[in-house]
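Architecture and fold: a report
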Amino acid sequence: MQFREFLHMLQQTGQLLTVSQEVDPHLEMAALIHRLGEQPVLFQRVKGSSYPVVAGLCAQRSLLASGLGVTREELLFTLARALNNPVPPPLLATAPCQEVIEEVNLYKLPILMHLPSDGGPYVTAGIAVVKDPEFGRNVSFHRLMRLDATHFAVRLVEGRGTHAAWQKTGGDLEIAICIGNSPAVLLAAAMSPPPGVDELAIANALMPTPLVKCRTVDLEVPANAEIVLEGHITRQLVEEGPFLDLTETMDMVRRQPVVEIHCMTHRQDAYYQALLPGGLEHKLLMGLPREPTIYAEVQKVCDCVDVLLTPGGGSWLHAVVQIRKHGPDDGQLAIQAAFRGHTSVKHVLVVDDDINIYDPVELEWAVATRLQADSDVVILSNQGGSSLDPSAWHVPGEKSRTAKMGLDATIPWRKPSGELRSEEERAAFRKVRYPAVPLEKYITK
Ligand SMILES: Cc1cc2nc3c(=O)[nH]c(=O)nc-3n(C[C@H](O)[C@H](O)[C@H](O)COP(=O)(O)O)c2cc1C
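Remember, it's a predicted structure, so these values are computed and weren't measured experimentally. (Residues numbered from 1 in each chain as written. Predicted model: local features only at pLDDT ≥ 70, side-chain atom pairs only at ≥ 80, totals over all residues. Heavy atoms only, no water.)

Quick look at the packing of helix α4 (residues 75-84) against helix α7 (residues 199-206) now. In the contact formed by α4 and α7, the axes pass within 8 Å of each other and the chain directions differ by 130°. It follows from the interaxial angle that α4 and α7 lie oblique. Of the two elements, α4 crosses α7, and the hand of that crossing is right-handed. Contacts between α4 and α7 involve T78, L79, A82 and L83 from the first element and I202, A205 and L206 from the second. Here the residues of the contact of α4 with α7 are counted per class, giving six nonpolar, one polar and no charged. (Axes fitted to C-alpha atoms, helices over the stretch in contact; angles between N-to-C directions. Helix = DSSP H or I, 4+ residues; strand = E, 2+ residues; numbered from the N terminus. Parallel < 35°, antiparallel > 145°, perpendicular 65-115°, else oblique. Left-handed = near helix turned anticlockwise from the far one by under 90°. Contact = heavy atoms within 4.5 Å. Nonpolar A, V, L, I, M, F, W, Y, C, P; charged D, E, K, R; others polar.)

Below is the structure:
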């Protein structure tokens, strides 16, 4: 579904809360979005801006799945298929996102100031389109701190596509920032396919995503975006941050590039899309696109059933890998493969296919009844890790260092003596289930 179709569907099915009372994007709106548990919400009247704001549109797996027209269970495989089979998007001559061309004034946009401790108001749901001189188009999320009417500070994580492209061009790098995107574009932008693979072709494989040429820069953007800001990433650096990050802790202040915006286009009656930093939507969009890459690596070494990056780990640092075991060492093999599949993963938990990986109590039960710490836990020291983990070792400009741990909570095929357990002995590890009972036979309402 396109952004507006998705919004309409949420409205029609009673899933979109509409707030008609005026709300201030300066500190009030973010607190309210949080208080509402990030349910999809439309703020019709926004203090200081004529743009209505929508938030929380993709804060649940089921919402993202319905936006792509699949079930929650099909999400991982749908993403994996699109990642492996991108379809180049068509180019349109005219597009909704260019219905209005306006003089740039970033103060007119309802950019949220989320917390008093933030470095400034931040665009959080904008996706950035750039062209790498070697590999072509790259699309990714970058938070943008408003500096004045035409400038932002942009957070470019070192080594990622936009940063690499900016480093290769000795001068300024053209950028287009799109706000108000379909679930397909948001998910594709959060992926890190191999260099040269176009994220907008992945979005187009998920759902038709036609593009249009920008007005002032040599870039193409999704034709159905609500708002497009065209400009350059300059060589000038300023202090960016502090800002609440994925781990729900404050990210530090860094010297980051200034973005200059010189053209703004938008749809008639455009919506501004917001996303709560450190919230469910932020986590889900970060984590979901990594689950297929972990799955693909684990599948190379054993029979992988499902993968989940859990919200307690910021949907980034903790992976649960579900496997169908065919040999005694499959659990250990899956741990190593999961670390390869997503290098930011710090802790991996491997379980069998009888465990519901969406139920934290079942996961803990598997650890309690199937794991022995001296044989089933792998600990690795001084590994490359995530810049987002506050407890990791951070050296500016270098990959963060961390310890990693893998827990094999699958049914142990070996006894403490090393001898293999029989199938019957392994079956004794399974939960004894009570039979199903037709309640209506006993209880009448
Ligand atoms: C909501 C959200 C916000 C993000 N913010 C940033 C950011 O500010 N800077 C950054 O470099 N990456 C950020 N990311 C991560 C990148 O968008 C993501 O890792 C992307 O896959 C990078 O792709 P690339 O490796 O092809 O450049 C964010 C991701 C999400 C989902």
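Following the sequence through the fold, R267 ends up in the loop between β17 (254-266) and β18 (272-274). Excluding residues within four positions of it along the chain, R267 makes contact with R4, P96, C97, E99, V100, N224, A225 and E226.

This part takes up the packing of α4 against helix α9 (residues 291-301). At a minimum axis separation of 9 Å, α4 and α9 run at an interaxial angle of 80°. In terms of their interaxial angle, α4 and α9 are classed as roughly perpendicular. Every residue of α9 that contacts α4 at L76, F77, L79, A80 and L83 is listed here: E291, P292, T293 and Y295.

A few words now on the site of the ligand. The local shell around the ligand holds 21 residues, among which R155, V157, G161, A190 and S192 are the closest. Between F141 and the ligand, the recorded distance is 2.9 Å, taken from a backbone N or O atom to an oxygen atom. In the complex, the protein chains occlude 93% of the 650 Å² of accessible area that the ligand would expose alone. When contributions to the shell around the ligand are tallied by element, the ones reaching two or more residues are β8 (136-141), α5 (161-168) and α8 (280-287). Looking at the shell around the ligand residue by residue, the class counts come to nine nonpolar, seven polar and five charged. (Near = heavy atom within 4 Å. Polar contact = N/O pair within 3.5 Å; in protein donor to acceptor, adjacent residues only side chain to side chain. Areas by Shrake-Rupley, 256 points an atom, 1.4 Å probe, with all protein chains shown as cover.)

Right, let's get into the sheet that holds strand β20 (residues 318-324). With mixed pairing, the five strands of this open sheet are ordered in space as β19-β20-β21-β23-β22. Either end of the sheet is taken by a strand with one partner, and the two such strands are β19 (303-309) and β22 (377-384). Direction aside, neighbouring strands of the sheet carry axes that sit 20° apart on average. In this structure, β22 lies alongside strand β23 (residues 401-408), joined through six bridges in antiparallel fashion. The partner of V377 across the bridge, within β23, is L407. Contacts between helix α10 (residues 330-341) and the sheet are confined to β20, β21 (347-352), β22 and β23, with β23 contributing the most and set at about 150° to the helix. (Pairing = 2+ DSSP bridges.)

Across all of its chains, the model carries 32 salt bridges by this definition. For R143, the salt bridge goes to D251, with nearest N and O atoms at 3.0 Å. Placement of the pair is R143 in the loop between β8 and β9 (144-146) and D251 in strand β16 (residues 250-251), with a sequence separation of 108 residues. Shared partners join several salt bridges into a network, and the residues in it are K131, R137, D198, K213, D218 and E220. (Salt bridge = Lys/Arg side-chain N within 4 Å of Asp/Glu carboxyl O.)

A word on the sheet that holds β18. The strand order across the open sheet built from four strands is β1-β2-β3-β18, with neighbouring strands paired in mixed fashion. Lying at the two open borders of the sheet, with one neighbouring strand each, are β1 (17-19) and β18. Mean inter-strand twist for the sheet, computed between neighbouring axes without regard to direction, equals 20°. The pairing of strand β3 (residues 53-55) with β18 spans three bridges and is classified as parallel. Directly across from V53, in β18, lies its bridge partner Y272.

Segmentation of the chain into domains returns domain 1 (73-270) and domain 2 (286-427). Contact residues are listed per partner, giving 15 residues for domain 1 and 16 residues for domain 2. Interface of domain 1 and domain 2: buried area, both sides summed, is about 1,500 Å²; carbon and sulfur atoms make up 74% of it. For the domain 1 face of the interface with domain 2, the top three residues by lost area are L76, L246 and T247, together amounting to 36%. Taken together, the links from domain 1 to domain 2 amount to zero salt bridges. Our count for the contact surface shared by domain 1 and domain 2 stands at three residue pairs in polar contact (both at pLDDT 80 or more). Across the side of domain 1 that touches domain 2, the residue classes tally to 10 nonpolar, three polar and two charged. (Domains from an automatic or database assignment. Buried area = accessible area lost by both parts, 1.4 Å probe.)

Looking now at the nonpolar core. If you look at the biggest cluster of nonpolar residues, it comprises 52 residues, and the most contacted ones within it are L57 and V221. Considering every element that reaches this core, the biggest residue donor is helix α6 (residues 183-189), with six residues. Ignoring anything within four residues of it in the chain, the contact list for L57 reads F3, F6, L7, L10, L16, P40, L63, Q273 and E281. Membership of the second largest hydrophobic core comes to 39 residues, among which are A30, I33, L144 and L276. (Core = buried A, V, L, I, M, F, W, Y, C linked by side-chain atoms within 4.5 Å. Buried < 20%, exposed > 50% of the residue type's maximum accessible area, 1.4 Å probe, protein only.)

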